[in-house]
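# Tertiary structure, described
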Amino acid sequence: MIHIEQVTKSFKDVSALSNVSFDVPRDQVAAIVGPNGAGKTTLFRLLSTLSTPDSGYAVMCDHNTSIAPQKVRAITGAVFTEPALYDRLTPKETLNYFGMLYGLGGPSLRKRIDELIEQLELGEFCSRLNGVLSRGMKQRVAIARAVLHEPSVLLLDEPTTGLDFHSADNMLRFLSEYRHGRCILFATHNFQEVSLLCNRLLVLGKGRLILDRELSEDSVGAEGVRSMVLEAIRGIDS
Ligand SMILES: Nc1ncnc2c1ncn2[C@@H]1O[C@H](COP(=O)(O)OP(=O)(O)O)[C@@H](O)[C@H]1O
Ligand SMILES: [Mg+2]
């Protein structure tokens with residue numbers, strides 16, 4: 001569903017991504033792991049059509065991100081580290097507003113919003129203003145907004161960073177259901193989350209893809225993921 005071919009992106013003298021290629025098929029949750037500055041956010045910005053590669057290309061569900069950005073956006077949902085919500089709307093108003101932007105409306109939009117309020121446990125605060133919510137609450141609202149139109153591809157750039165246990169756990173449980181028939185790219189620094197949710201591990205280091213490994217059902221656990229990541233990163237530093 002995601003096909004990335006020899007993608008390169010530089011900012012002046014900084015090579016943020018160099019010759020990155022990989023595919024993510026349906027039903028896969030791929031962890032994107034790597035130190036700060038590895039190129040994770042640059043990759044997410046390219047895939048969510050906020051920027052374009054210098055060379056190479058990315059295709060999402062048969063649509064090239066540079067040639068057909070609108071089509072890509074229609075099948076993609078994205079959540080970034082900072083939950084960017086309008087402070088003066090409530091979560092419910094936010095979901096209604098974005099639902100209409102996606103061309104949804106009427107009883108089917110109401111039903112979808114009620115479903116997400118239940119699954120992401122937004123009920124308690126869905127009529128408060130976004131501006132007064134905790135980071136974890138906001139980030140759950142951002143996930144709900146990203147999946148309103150049931151996108152086939154979900155791009156999550158460190159969505160759980162700085163979240164309390166309850167919010168992170170709720171988000172992980174939601175994603176483990178949402179994944180079916182879809183694909184998810186999930187950047188995180190939390191190896192426990194990788195071992196619980198992901199069946200693929202992609203490690204970026206200095207803009208290069210330095211490890212690409214399937215994680216089997218008999219999970220290697222957080223410690224196993226940690227040692228794979230550290231070994232890959234040691235490889236580029238030596
Ligand atoms: N808009 C930009 N202008 C200049 N340099 C940038 C820009 N965006 C990212 N970079 C640089 O590209 C590299 C990769 O950054 P980024 O993709 O944000 O990494 P990560 O998300 O893995 O921490 C870093 O060296 C960063 O400083
Ligand atoms: Mg980043």
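Residues numbered from 1 in each chain as written. Chains lettered and ligands numbered in written order. Predicted model: local features only at pLDDT ≥ 70, side-chain atom pairs only at ≥ 80, totals over all residues. Heavy atoms only, no water.

### As for the sheet that holds strand β3 (residues 29-33)
In a beta sheet, neighbouring strands pair by backbone hydrogen bonds and run either parallel or antiparallel. Within the open sheet, the six strands sit side by side as β6-β7-β8-β3-β9-β10. Their pairing is mixed. Looking at which strands have only one partner, the edges of the open sheet turn out to be β6 (76-79) and β10 (208-214). Neighbour-to-neighbour, the strand axes of the sheet open up by a mean angle of 15°, direction not taken into account. Sheet topology places β6 next to strand β7 (residues 153-157); four bridges connect them, and they run parallel. The residue bridging Thr 76 from the neighbouring strand is Val 153, located in β7. (Pairing = 2+ DSSP bridges. Helix = DSSP H or I, 4+ residues; strand = E, 2+ residues; numbered from the N terminus. Axes fitted to C-alpha atoms, helices over the stretch in contact; angles between N-to-C directions.)

### A closer look at the packing of aromatic side chains
Scanning all chains against the criterion turns up four aromatic pairs. In this structure, Arg 145 is placed above the aromatic ring of Phe 98, and the distance from its NZ or CZ to the ring centre is 4.9 Å. (Phe/Tyr/Trp six-rings, centres within 6.5 Å; stacked < 30°, edge-to-face > 60°. Lys NZ or Arg CZ within 6 Å of the ring centre and 35° of its normal.)

### Quick word on the environment of Val 141
Here Val 141 lies in helix α5 (residues 135-147). A residue is classified by how much of its surface remains accessible, and Val 141, at 0% relative accessible area, is buried. Spatially, the C-alpha atom of Val 141 lies 8.6 Å from that of Ile 117, the residues being 24 residues apart in sequence. Apart from residues lying up to four places away in sequence, Val 141 is in contact with Leu 85, Pro 91, Leu 95, Leu 122, Phe 125 and Leu 133. (Buried < 20%, exposed > 50% of the residue type's maximum accessible area, 1.4 Å probe, protein only. Contact = heavy atoms within 4.5 Å.)

### Digging into the environment of Met 137
Along the chain, Met 137 turns up in helix α5. Dropping the residues within four chain positions of it, Met 137 is found in contact with Phe 125, Arg 128 and Ser 167.

### Focus: the pairing of strand β9 (residues 200-205)
By the criterion of burial, β9 is predominantly enclosed, with six of the six residues buried. Side-chain alternation along β9 places Arg 200, Leu 202 and Leu 204 on one buried face and Leu 201, Val 203 and Gly 205 on a second face that is also buried. When β3 meets β9, the two strands line up parallel, connected through four bridges. Counterpart to Ala 30 in the pairing with β9 is Arg 200. Between the antiparallel neighbours β9 and β10 lie two residues, among them Lys 206 with a positive phi of about 50°.

### Overview of the nonpolar core
One finds Leu 122, Leu 175, Phe 186 and Leu 201 to be the most contacted residues of the largest nonpolar core, which totals 48 residues. Counting residues per element, this core draws most heavily on α5, at seven residues. Filtering out sequence-adjacent residues up to four positions away, Leu 201 remains in contact with Ala 31, Val 33, Val 194, Leu 211, Asp 212, Arg 213, Leu 215, Val 225, Met 228 and Val 229. Membership of the second largest hydrophobic core comes to 25 residues, among which are Phe 44, Ile 75, Val 153 and Leu 202. (Core = buried A, V, L, I, M, F, W, Y, C linked by side-chain atoms within 4.5 Å.)

### Topic: the site of ligand 1
What surrounds ligand 1 is the set Phe 11, Val 14, Ala 16, Pro 35, Asn 36, Gly 37, Ala 38, Gly 39, Lys 40, Thr 41 and Thr 42. In the environment of ligand 1, an oxygen atom lies 3.0 Å from a nitrogen or oxygen atom belonging to the backbone of Gly 39. Between ligand 1 and Lys 40 there is a distance of 2.8 Å, counted from an oxygen atom to a side-chain nitrogen or oxygen. Taking 560 Å² as the accessible area of ligand 1 by itself, protein coverage stands at 59%. Of all the elements in the fold, those that place two or more residues in the shell around ligand 1 are β2 (14-24) and α1 (40-47). No other element matches α1, which puts three residues into the shell around ligand 1. (Near = heavy atom within 4 Å. Polar contact = N/O pair within 3.5 Å; in protein donor to acceptor, adjacent residues only side chain to side chain. Areas by Shrake-Rupley, 256 points an atom, 1.4 Å probe, with all protein chains shown as cover.)

### Some remarks on a nonpolar patch on the surface
Taken together, Tyr 86, Tyr 97 and Leu 101 make up a surface patch of nonpolar side chains, about 330 Å² in accessible area. Its place among the elements puts Tyr 86 in the loop between β6 and α3 (91-101). (Patch = residues over 30% accessible without salt bridge, like charges linked within 9 Å, V, L, I, M, F, W, Y side chains within 5 Å. Salt bridge = Lys/Arg side-chain N within 4 Å of Asp/Glu carboxyl O.)

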